[in-house]
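Structural overview
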Amino acid sequence: MMKAKILVTGGAGYIGSHTVVELVNNGFEPIIVDDFRNSDRGVLNGLKEITGQDIQVLSVDICDKKALFEALEDVNALGVIHFAAYKAVGESVQNPLKYYENNIGGLVNMLAWSREKKINNFIFSSSCTVYGEPKNVKEVSEEMATGIANSPYGETKVIGETILRDFKKSGEDMNIVALRYFNPIGAHPSSFLGELPLGKPNNLLPYITQTAIGIHHELTVFGNDYDTIDGTCVRDYIHVVDLAIAHVKALQFLTKYSSSTVEFVNVGTGKGTSVLEMIQLFEKVSNQQLGWKFGPRRDGDVTEIYANPLKANNLLGWIPKYSVEDAVLHAWNWEQKLRKNE
Ligand code: UFG
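Residues numbered from 1 in each chain as written. Predicted model: local features only at pLDDT ≥ 70, side-chain atom pairs only at ≥ 80, totals over all residues. Heavy atoms only, no water.

1. Focus: the nonpolar core
This is how the line gets drawn: Grouping buried Ala, Val, Leu, Ile, Met, Phe, Trp, Tyr and Cys residues that are joined through side-chain atoms within 4.5 Å yields what is termed a nonpolar core. Per-residue accessibility, obtained with a 1.4 Å probe over protein chains only, is compared with the maximum for each type, and a residue is labelled buried under 20%, exposed over 50%, and partly exposed between these values. Strands here are runs of E lasting at least two residues and helices are runs of H or I lasting at least four, both read from the DSSP assignment and numbered beginning at the N terminus. Here a residue-residue contact requires only that any non-hydrogen atoms of the pair lie within 4.5 Å.
Counting residues in each nonpolar core, the largest one holds 38 residues, and the members touching the most others are Leu23, Leu47, Leu179 and Trp318. Breaking this core down by element, the ones donating at least two residues are β1 (4–9), α1 (14–25), β2 (28–33), α2 (42–51), β7 (175–181), α8 (240–256), β12 (262–267) and α10 (310–316). For this core, the element with the highest residue contribution is α8, accounting for 10 residues. Dropping the residues within four chain positions of it, Trp318 is found in contact with Ile238, Asp242, Ile245, Ala246, Lys249, Val267, Gly268, Ala312 and Asn313.

Below you can see the structure in the form of structure tokens.
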């Protein structure tokens with residue numbers, strides 16, 4: 001039987017590459033669209049090690065509509081999973097046009113291409129950042145208000161969701177799921193894939209593992225006076241493989257769904273972990289002390305947010321299988337392997 005092809009933009013990136021593995025595991029044939037501006041070709045070796053296959057790669061800038069349509073002229077697919085986007089919150093404040101041009105332009109082009117090819121299953125990478133700073137609640141559900149993101153990066157996700165709603169409303173025959181990611185962490189348990197931050201990481205766990213391996217002197221914990229369990233911010237950390245599996249579940253949901261839909265779905269565990277708890281977990285799984293100090297709050301940080309994951313559980317049949325501790329261990333294994341190979 002012919003395998004169903006799935007186009008994966010940003011398939012060489014952190015979440016994209018783990019999703020490619022899960023697509024293969026579930027009998028799909030992923031095709032990566034990535035111009036490697038923010039990823040490393042070495043990822044393709046990791047994919048080969050895990051899947052035993054050479055995954056097809058089309059290297060094109062999705063913002064260049066003409067080049068995109070040309071490169072994908074002979075491609076057809078059952079669905080599109082659209083990851084390719086910039087994601088650094090701080091950089092987006094410095095250079096908002098870069099974010100609006102790339103994240104909005106890329107989405108518009110991928111929708112236009114999908115429409116032209118009559119591909120009617122589309123998955124979009126959204127983010128819990130669309131909830132902004134939740135008022136009087138820590139656990140957020142999909143029906144809660146969005147549209148108050150606190151960075152241009154976050155705005156591109158709010159606008160992206162609006163574009164999907166409007167596209168649907170116009171009567172397009174398209175099934176869409178936007179997955180609102182909480183905080184993806186960890187690496188493939190095989191250590192053949194993981195996070196590859198370019199330059200100094202902005203995110204907590206890569207900063208922790210890089211500090212432990214000796215790249216940074218110490219971790220700065222941004223703020224100790226938040227109204228939380230221990231004064232540090234609380235997030236819903238989700239293993240990247242569980243997040244990848246959520247995409248496969250979303251695809252299976254879409255392809256079985258008879259009438260067209262647009263759904264917004266949280267992908268998180270429902271459990272919050274503070275920065276200090278993350279440090280403790282790291283020290284436990286790595287069996288070593290981490291150097292860290294308190295510093296001032298970081299601009300734009302939300303105090304505490306975690307998912308109400310019921311919609312993902314019920315609609316998609318998705319339940320995470322890894323714990324935060326597993327994720328921290330896998331991230332640490334990956335960091336150690338990376339540095340051994342240098
Ligand atoms: N933190 C530190 N020190 C560091 C790095 C992070 O204390 O060196 C803290 C942050 O202040 C925050 C927590 O660790 O309290 C998590 O920070 P991350 O940068 O790892 O994650 P964020 O929750 O800030 O960002 C994530 C995604 C974004 C997305 C955002 C939405 O990376 O893409 O969630 O809330 F926009």
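2. What about the pairing of β12?
Convention followed: Strand pairing requires that DSSP identify at least two bridges connecting the strands.
The buried fraction of β12 amounts to 5 of the 6 residues, a majority that puts the element mostly inside the structure. Two elements, β7 and β12, share 6 bridges in a ladder whose sense is parallel. Across the sheet, the residue bridging to Leu179 is Val265, located in β12.

3. Observations regarding unusual backbone geometry
Located in the positive-phi region is Asn136, a residue other than glycine, with phi close to 60°. With respect to the helices and strands, the residue Asn136 is situated in the loop between β5 (121–127) and β6 (139–140). If you check the backbone angles, Ser191 has positive phi at about 65° while not being a glycine. Topologically, Ser191 is positioned in the loop between β8 (183–185) and α7 (204–212).

4. Notes on the pattern of salt bridges
Note the threshold: Salt bridges, as used here, are contacts in which a Lys or Arg side-chain nitrogen is within 4 Å of a carboxyl oxygen on Asp or Glu.
Across all of its chains, the model carries 16 salt bridges by this definition. Between Glu91 and Lys98 there is a salt bridge, and its shortest N-O distance comes to 2.8 Å. When salt bridges that share partners are traced, they join Asp35, Arg37 and Asp61 into one network.

5. A few points about the sheet that holds β1
Where we set the bar: Fitted lines through C-alpha atoms serve as axes, helices being fitted only where they are in contact, and the angles separating the N-to-C directions of these axes extend from 0 to 180 degrees.
One open sheet holds the 7 strands; their spatial order is β3-β2-β1-β4-β5-β7-β12, and the pairing between them is parallel. On the outer flanks of this sheet lie β3 (56–58) and β12, each paired with one strand and no other. Taking each pair of neighbouring strands and ignoring which way they run, the sheet shows an average axis angle of 20°. Sheet analysis places β2 next to β3, joined by 3 bridges and oriented parallel. The residue of β3 that forms the bridge with Ile32 is Val57. Against the sheet, helix α5 (residues 96–116) makes contact with β1, β4 (79–82) and β5, and its axis sits at roughly 175° relative to β4, the strand it touches most. Relative to the sheet, helix α6 (residues 152–169) contacts β5, β7 and β12, its axis offset from that of β5 by approximately 150°.

6. Some words on the environment of Lys293
Counted only if it meets this: Pairs of N or O atoms within 3.5 Å make up the polar contacts considered here, provided that, within protein, one atom can donate a hydrogen while the other can accept it, and that residues adjacent in sequence are counted only when both atoms are side-chain atoms.
By the element assignment, Lys293 lies in strand β14 (residues 292–295). Judged by relative accessible area, Lys293 falls into the partly exposed class, the value being 38%. Along the backbone, Lys293 and Glu218 are 75 residues apart, and their C-alpha atoms lie at a distance of 7.2 Å. Ignoring sequence-local partners within four residues, the contact set of Lys293 consists of Glu218, Leu219, Thr220 and Val221. Within the structure, the side chain of Lys293 is placed 3.4 Å from the side chain of Glu218, a separation counted as a polar contact. At 3.3 Å, the side chain of Lys293 and the side chain of Thr220 are in polar contact.

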